[in-house]
Amino acid sequence: MPTSGFRIVVLRDRVMAVHGAHIPEVQVRLLVPQWRTTMGLFDTVELYDDVHLPEYPDGLAPAEDVDWQTKGIDRPTMTTFRITADGRLLEEEWHTEAVPPEDRPYASRDDVGEEDLLYMAGCRNRVHDGWIERDDYHGRFKLKHSFEDLDTLVTYQVTFTHGQLEGFERLR
């Protein structure tokens, strides 16, 4: 597989480029001070207030306050989708902007040099540009969220027909 020279890394809400990524697959790492873990790409799905999920567990945060994850809408790109109260699917448009070294989380530390991986952490900020309606979307995808209170993964299948929500089905 050809190497592009850079790997994309996410630190909280910032995106960074690191030497050694493979194309066409982008590798993403979540950097946490105590440990590092490799994760797969996913998209976030937000629900508007009046979107009802059947068989939603009692005693949890309201479904519209949960950041649901999916890998089933197109190819995951770490973007955000919204399902509106009237059943439309919206996709966030965004771009990235450079972050100067003095505003990065590790670049100003004395023990981090310019050649260090941590120096690049947070070198790009994601900037919201607006929302576009995905009236062309036709198919099914799964929404998932892991609730600590339940010690389980809650999963729904979502069905859209020509950009209009048909319904949700609780899978587990």
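In this text, all values refer to a predicted model and were calculated from it rather than measured experimentally.

A. Fine view of the environment of glutamate 91. Take glutamate 91: it is sitting in strand S8 (residues 89-98). By relative accessible area, which is 18% here, glutamate 91 ends up buried. Between the alpha carbons of glutamate 91 and isoleucine 132 there is a distance of 5.3 Å; along the sequence they are 41 residues apart. Apart from the residues within four sequence positions on either side, glutamate 91 is in contact with Thr79, Thr80, Phe81, Gly130, Trp131, Ile132 and Arg134. At 3.0 Å, the side chain of glutamate 91 and the side chain of arginine 134 are in polar contact.

B. Here's a closer look at the pattern of salt bridges. Enumeration according to the criterion identifies 8 salt bridges in this entry. Of the charged contacts, one joins glutamate 46 and arginine 82 as a salt bridge, the two residues approaching to 2.7 Å between their closest N and O atoms. Taken as a pair, glutamate 46 in strand S5 (residues 43-47) and arginine 82 in strand S7 (residues 80-83) lie far apart in primary sequence, 36 residues in all. Among the salt bridges present, the one from glutamate 133 reaches arginine 88, with a minimum N-O distance of 3.4 Å. Separated by 45 residues along the polypeptide, glutamate 133 in strand S9 (residues 124-133) and arginine 88 in the loop between S7 and S8 bring together distant segments of the chain. A single network of salt bridges, built from pairs that share partners, joins Asp74, Glu91, Arg134 and Asp136.

Rules used in this analysis
The residue numbers shown here count from 1 along each chain, following its written sequence. Under the rules for a predicted model, residues below a pLDDT of 70 receive no local features and side-chain atom pairs below 80 are neither given nor counted, while totals for whole chains, interfaces and linings still include all residues. Only hydrogens and water are set aside when side-chain values are computed; all heavy atoms of the structure are taken into account. Secondary structure elements are defined from DSSP: runs of H or I of at least 4 residues count as helices, runs of E of at least 2 residues count as strands, and each element is numbered from the N terminus. The cut-offs for exposure are 20% and 50% of the maximum accessible area for each residue type, with area from a 1.4 Å probe on protein chains only; residues under the lower value are buried, those over the upper are exposed, and the others partly exposed. Whether two residues are in contact is decided by their heavy atoms: any pair within 4.5 Å suffices. Any pair of N or O atoms that falls within 3.5 Å is considered a polar contact. Within protein, one atom must be able to donate a hydrogen and the other to accept it, and sequence-neighbouring residues count only if both atoms are side-chain atoms. Here, a salt bridge means any side-chain nitrogen of Lys or Arg that lies within 4 Å of a carboxyl oxygen of Asp or Glu.

Don't take any of this as a statement about function, it's just geometry.
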